[in-house]
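# What the coordinates show
The residues making up each chain are set out below.
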Amino acid sequence: MTVKIHDSWRKLLADEFEKSYFKELTEFVRDEYKTKTVYPPPAQIFHALNVCPPEKVKVVILGQDPYHGPNQAHGLCFSVNDGVQIPPSLQNIYKEINSDLGIEIPKNGNLDRWAKQGVLLLNATLTVVGGLAGSHQKKGWECFTDAVITAISDSQNNVVFMLWGRYAQNKSELIDAKKHLILKAPHPSPLSAYSGFFGCKHFSKANEYLKFAGKEGIEW
């Protein structure tokens, strides 16, 4: 099982890797991959961090759990591999972008193109057993990803945090609102998108803020 983390993150989170919870988490995850079908593939567990090092982070979008169906999860929240049907929440994200910015809705759900521009697509839990949503929650991943959020808040300036739904919004206490922009809206899932996600205009607001801060906007 080969797992790599970008050197910049490894330095920034050096203390975290030495904590007992992370060592226990590592053992747990290794055993799960040996005995069960677990997503995403091991090499993509830290894909969000590897494709978007801390110094390049402009926007953070928080999810909760990887997709638990075959070939879906590849280490970025809300994103699926090329050729996989676009999940409902991502369909709604695309609809809001279309409404907000007039951008045509893409034919695929792979968000690597966002990540490469500085959008950190971070799930709170980075692994899941196939067919069992939430199966790796409360095993230590949340402690680690909270440390990632805190590290970004502390080490970077003028980052946009998009917090969709109550779970993500509870992470706002980890973020310094004086130096970053925090945007909140209901989750884009079909259950809640019509209660305020549609019309939130987070994508245009993010780009306006980034440009005001002297950064390039995201090509959503």
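Summary of the structure given here. (Residues numbered from 1 in each chain as written. Predicted model: local features only at pLDDT ≥ 70, side-chain atom pairs only at ≥ 80, totals over all residues. Heavy atoms only, no water.)

Grouped together as the largest cluster of nonpolar side chains are 70 residues, with contacts concentrated most on Ile-61, Trp-114, Leu-120, Phe-144, Met-162 and Trp-220. Once residues lying within four places of it in the same chain are set aside, the contact partners of Leu-120 are Trp-9, Ala-48, Leu-49, Cys-52, Val-57, Val-59, Val-60, Ile-61, Val-148 and Ile-152. (Core = buried A, V, L, I, M, F, W, Y, C linked by side-chain atoms within 4.5 Å. Buried < 20%, exposed > 50% of the residue type's maximum accessible area, 1.4 Å probe, protein only. Contact = heavy atoms within 4.5 Å.)

Our next topic: the layout of surface pockets. To locate leftover empty space, one rolls a probe as large as a water molecule over the atoms. Of the volumes computed, that of the largest pocket is approximately 410 Å³. Of all elements in the fold, only strand 2 (59–63), strand 3 (119–123) and helix 8 (165–169) reach the threshold of two or more residues within the lining of the largest pocket. Looking at the lining of the largest pocket, the element that brings in the most residues is helix 8, giving four residues. The computed volume of the second largest pocket comes to approximately 290 Å³. Of the residues forming the lining of the second largest pocket, the biggest block, six residues, is contributed by helix 3 (residues 20–35). (1 Å grid on protein atoms, 1.4 Å probe; cavity = no way out; pocket = protein on both sides within 12 Å on 5 of 7 lines; lining within 4 Å. Points joined across faces, edges and corners; volume = space filled by probe spheres on them. Helix = DSSP H or I, 4+ residues; strand = E, 2+ residues; numbered from the N terminus.)

Look at helix 5 (residues 88–101) against helix 9 (residues 202–212): their axes get within 8 Å of each other, and the N-to-C directions meet at 60°. Judged by the angle between their axes, helix 5 and helix 9 are oblique. On the side of helix 5, the interface is formed by Ile-93, Glu-96, Ile-97, Asp-100 and Leu-101, while helix 9 contributes His-202, Phe-203 and Ser-204. Residues belonging to the contact of helix 5 with helix 9 are distributed by class as follows: four nonpolar, two polar and two charged. (Axes fitted to C-alpha atoms, helices over the stretch in contact; angles between N-to-C directions. Parallel < 35°, antiparallel > 145°, perpendicular 65-115°, else oblique. Nonpolar A, V, L, I, M, F, W, Y, C, P; charged D, E, K, R; others polar.)

Taking 1.5 Å per residue, 14 residues should reach 20 Å; helix 5 reaches 20 Å between its end C-alpha atoms and fits that length. Here helix 5 has its buried residues at Ser-89, Leu-90, Asn-92, Ile-93, Tyr-94, Glu-96, Ile-97 and Asp-100. For helix 5, the elements touching its buried residues are helix 6 (112–115), strand 5 (160–164) and helix 9. Positive backbone phi, approximately 75°, marks Gly-102, located one or two places after helix 5. (Expected span 1.5 Å × (residues − 1).)

This paragraph deals with the pairing of strand 3. Most of strand 3 is tucked away: five of the five residues are buried. Residues Val-119, Leu-121 and Asn-123 of strand 3 are buried on one face, and the alternating residues Leu-120 and Leu-122, pointing to the opposite face, are buried as well. Summarising the sheet, strand 2 and strand 3 pair through five bridges and their orientation is parallel. Residue pairing for strand 3: Val-59 is matched across the bridge by Val-119. (Pairing = 2+ DSSP bridges.)

The next subject is empty space enclosed by the protein. If you walk through the whole model with that rule in mind, you get one cavity of 30 Å³ or more. The space that makes up the largest cavity amounts to roughly 40 Å³. As for the largest cavity, its lining consists of Leu-62, Gly-63, Leu-122, Asn-123, Ala-124, Thr-145, Asp-146, Ile-149, Tyr-167 and Lys-171. Looking at the lining of the largest cavity, the elements that each hand over two or more residues are strand 2, strand 3 and helix 7 (141–155). For the lining of the largest cavity, the element with the most residues is helix 7, which contributes three residues.

The side chains of a regular strand alternate, first on one face of the sheet and then on the other. Burial analysis of strand 5 places five of its five residues in the buried class, the great majority of the element. Burial of strand 5 is two-sided: the residues Val-160, Met-162 and Trp-164 facing one way and the residues Phe-161 and Leu-163 facing the other way are all buried. Bridge count between strand 2 and strand 5: three bridges; the pairing is parallel. By the bridge assignment for strand 5, Val-60 is matched with Phe-161. Judged from the five bridges that link them, strand 5 and strand 6 (residues 181–185) form a sheet pairing that is parallel. The partner of Trp-164 across the bridge, within strand 6, is Ala-185.

On to the packing of aromatic side chains. By the definition in use, this model includes 15 aromatic pairs. Relative to Phe-144, the ring of Phe-17 lies with its centre 5.8 Å away and its plane at 40°, an arrangement referred to as tilted. You can see Phe-17 sitting in helix 2 (residues 14–17) and its partner Phe-144 sitting in helix 7, a full 127 residues away along the chain. An identical accessibility class is assigned to Phe-17 and Phe-144; each is buried. An aromatic cluster is present here, built from Phe-78, Trp-114, Trp-164, Tyr-194, Phe-197, Phe-198, Phe-203 and Trp-220 joined pairwise through their rings. Here Arg-10 stacks its cationic end above the ring of Phe-17, 5.3 Å away from the centre of that ring. (Phe/Tyr/Trp six-rings, centres within 6.5 Å; stacked < 30°, edge-to-face > 60°. Lys NZ or Arg CZ within 6 Å of the ring centre and 35° of its normal.)

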